[in-house]
Amino acid sequence: MVFSSFLPWFRESSELCRNSTGFLLIFLMSFFCSLAHRKKMSLKSERRGIHVDQSELLCKKGCGYYGNSAWQGFCSKCWREEYQKARQRQIQEDWELAERLQREEEEAFASSQSSQGAQSLTFSKFEGKKTNEKSRKVTTVKKFFSASSRGGPKKEIQEAKAASPSINRQASLETDRVSKEFIEFLKTFHKTGQEIYKQTKMFLEAMHQKREFSIEEQSECTQDFYQHVAERLQTRGKVPPEKMEKAMDQIEKYIMTRLYKHVFCPETTDDEKKDLAVQKRIRALHWVTPQMLCVPVNEEIPEVSDMVVKAITDIIEMDSKRVPRDKLACITKCSKHIFNAIKITKNEPASADDFLPTLIYIVLKGNPPRLQSNIQYITRFCNPSRLMTGEDGYYFTNLCCAVAFIEKLDAQSLNLSQEDFDRYMSGQSSPKKPESEPWAPDACLGVQQMYKNLDLLSQLNERQERLMSQAKKLEKDLIDWTDGIAKEVQDIVEKYPLEIKPPSQPLAAIDSENVENDKLPPPLQPQVYAG
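Remember, predicted model here, so these are calculated numbers, not experimental data.

Quick look at the overall build of the protein
Within the protein one finds 20 helices and zero strands. Sequence separation of 24 or more characterises 71% of the internal contacts of the protein that already satisfy a separation of 6 or more. As displayed, the protein has an accessible area near 35100 Å², and 55% of this comes from carbon and sulfur atoms.

Okay, structure coming up:
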């Protein structure tokens, strides 16, 4: 194909450059450059379905933080700004609707006096309902710490205090342990720690009263609480950044351990439905091989196999954690095991293009439980600073990309034809698998390694036999070459016999005293000259 495209140019140029000695060199250089370019383009096309530009992981608003698909590509900060703008627009639209309905009812008042009373009553109820809904939506966690909130009805506070002993009795051992650790940690802050503990308790009481709110509103209240406490520690407490990060981690651990059972995968959301859809999708993709994803990991190496198992264990263990930071830690450990597996396989540091396909393969192989619920839980209730920057945010963003890739996986992404992809998905056929292993399916690792060692010894034996046969052939060739050289030398000697002539009379040296033969004057003798 490539050579045929050069033939017309070759014929035309050969007539003009027939006598040019450099034409052939130019032609060959162009030919091989074209081949290299085509090979480079083919390698790029092989990875087109897996490669994700690192700029795509960042917030699409250009702030420099990591974005998230759950936030429509924004980071936590930009998403909250956009959400607040959208909510204000919704409130404005509601008020405009209410005003329009009021005008319509005023116009209808002139037409019918009897119907006006009923309609006015209906509108009054509607307006009151809208006003209550607006006031409930705009309430944030800062209101919890205001004087009006603290001076609220004593009856509600007493009911909340009365309910707290029963909640404490039903708390798990983990909740009690976290509470003790939180109190011991706050003792290092002295007066500021007392304020933080008081605000945290008030926030938990308010969140228990807001269980009927949507999960988005509860998430916003939690994020507002994080921001409020961080600002309070920074401005009033003058806490250094390192200590403030530890304080925010302890606050998150304390409140989310208590709120976990109420806010993780709530019934008011479709998180469970998404979990089942993702699990069904991953089961349908059980036939995907590492070669299809261009995964640079060789699981036949024992160390690499151990790293893959550890990565799968970490991603599955994420579901057992209750704190968003602990779930992020599982993702980070899984990602580091992936990087180590790639490094051992390639004997060089792994790149981002190698990491994402391997992470997709780990997710497909592990099929973590409640994957979407865990991602949504981290997105809603994790400290936003962890998701926006740092290695935790980077690995979490890549996990979101991996899940999105699995949901949209198609034939082009795996470099397959649409017919093969449809057959594999329907279960009619499966990709060609390598030859079955000689050991039983339930054999232990030791037996499997023994069979592998025997196979290696057999391959070494075959290689040794090939080397011996080649060595004997080389020895025979050397003997034949020596005989041939000796025969050629003998033929040349016979054809051109060597004639040995007597040596000619050697020439005398310049300093010789043989004056008669050389007919040279005697050498000069030194003379003494007396002044």
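More follows now that the structure is in view.
Re a nonpolar patch on the surface
A surface patch of nonpolar side chains, amounting to about 540 Å² of accessible area, comprises Val447, Met450, Tyr451, Leu454, Leu457 and Leu460. Classification of Leu457 as exposed rests on a relative accessible area of 54%.

Focus: the packing of aromatic side chains
Applying the stated criterion across every chain yields a total of 14 aromatic pairs. Ring geometry for Trp287 against Phe421: centres 5.9 Å apart, planes inclined by 75 degrees, an arrangement best described as edge-to-face. On the criterion of sequence distance, the pair formed by Trp287 in the loop between α11 (271-284) and α12 (302-317) and Phe421 in helix α18 (residues 418-426) is long-range, its members being 134 residues apart. Note on accessibility: Trp287 and Phe421 belong to one class, buried. Judged by centre distance (4.7 Å) and plane angle (10 degrees), the ring pair of Phe339 and Phe355 falls under stacked.

Observations regarding the packing of helix α10 (residues 241-263) against helix α13 (residues 324-346)
Between α10 and α13, the shortest axis-to-axis distance is 8 Å and the interhelical angle comes to 105 degrees. Regarding the angle of α10 to α13, the classification is roughly perpendicular. Where α10 abuts α13, its residues Asp249, Glu252, Lys253, Met256 and Tyr260 lie against Pro324, Arg325 and Lys327. Considered class by class, the residues forming the contact of α10 with α13 number three nonpolar, no polar and five charged.

Description of a negative patch on the surface
Together, Glu300, Glu437, Asp455, Glu462 and Glu465 give the surface a local cluster of negative charge. What makes Glu462 partly exposed here is its relative accessible area of 43%.

With respect to the pattern of salt bridges
Scanning the model with the defined rule gives 18 salt bridges in all. The salt bridge partner of Lys187 is Glu184, with a shortest N-O separation of 3.2 Å. Judged by relative accessible area, which is 48%, Glu184 ranks as partly exposed. Residues joined by salt bridges that share partners form a network here, namely Arg177, Glu181 and Lys253.

Section: the confidence of the model for the protein
Confidence in the prediction of the protein, expressed as mean pLDDT, is 77, and 68% of residues score 70 or more. Within the model, the stretch residues 1-29 combines pLDDT values under 50 with 17 contacts to residues more than four positions away or in other chains. Here residues 39-49 scores under 50 on pLDDT; set against residues more than four positions off or in separate chains, the count is 11 contacts.

Observations concerning the environment of Ala404
Along the chain, the position of Ala404 falls in helix α17 (residues 390-407). Along the chain, Ala404 and Ile360 lie 44 residues apart, while their C-alpha atoms are 9.9 Å from each other.

Description of the side chain of Asn383
On the secondary structure map, Asn383 appears in the loop between α15 (371-381) and α16 (384-388). On the basis of relative accessible area, Asn383 is assigned to the buried category, the value being 9%. Residues within four places of Asn383 in sequence aside, it is in contact with Tyr226, Met248 and Glu252.

Some points on the side chain of Lys253
Assignment of secondary structure puts Lys253 in helix α10. According to the relative accessible area criterion, Lys253 is buried, its value standing at 15%. Apart from the residues lying within four places of it in its own chain, the contact partners of Lys253 are Arg177, Val178, Glu181, Val323 and Arg325.

Re α13
Under the 1.5 Å per step criterion, the end-to-end length of α13 is 33 Å for 23 residues, consistent within 8% with the ideal 33 Å. Every buried residue belonging to α13 is among Pro324, Lys327, Leu328, Cys330, Ile331, Thr332, Cys334, Ser335, His337, Ile338, Ala341 and Ile342, and all of these are buried. Residues of α13 that are buried make contact with α10, α12, α14 (352-366), α15, α16 and α17. Following α13 by one or two positions, Asn347 has its phi on the positive side, about 60 degrees.

Describing the nonpolar core
Nonpolar side chains tend to gather and get buried jointly when the protein is soluble and globular. Ranked by size, the top nonpolar core spans 50 residues in total, and within it Val288, Leu293 and Ile362 carry the most contacts. Taken together, the elements giving at least two residues each to this core come down to α11, α12, α13, α14, α15, α17 and α18. Per element, the largest residue contribution to this core is nine residues, and it comes from α17. Residues Met207, Ile215, Tyr226 and Val239 belong to the second largest nonpolar core, which totals 31 residues.

Conventions we followed
Residues numbered from 1 in each chain as written. Predicted model: local features only at pLDDT ≥ 70, side-chain atom pairs only at ≥ 80, totals over all residues. Heavy atoms only, no water. Helix = DSSP H or I, 4+ residues; strand = E, 2+ residues; numbered from the N terminus. Contact = heavy atoms within 4.5 Å. Areas by Shrake-Rupley, 256 points an atom, 1.4 Å probe, with all protein chains shown as cover. Patch = residues over 30% accessible without salt bridge, like charges linked within 9 Å, V, L, I, M, F, W, Y side chains within 5 Å. Salt bridge = Lys/Arg side-chain N within 4 Å of Asp/Glu carboxyl O. Buried < 20%, exposed > 50% of the residue type's maximum accessible area, 1.4 Å probe, protein only. Phe/Tyr/Trp six-rings, centres within 6.5 Å; stacked < 30°, edge-to-face > 60°. Axes fitted to C-alpha atoms, helices over the stretch in contact; angles between N-to-C directions. Parallel < 35°, antiparallel > 145°, perpendicular 65-115°, else oblique. Nonpolar A, V, L, I, M, F, W, Y, C, P; charged D, E, K, R; others polar. Lys, Arg positive; Asp, Glu negative; His and termini not counted. Charge placed at Lys NZ, Arg CZ, Asp CG, Glu CD. pLDDT = per-residue confidence, 0-100. Expected span 1.5 Å × (residues − 1). Core = buried A, V, L, I, M, F, W, Y, C linked by side-chain atoms within 4.5 Å.

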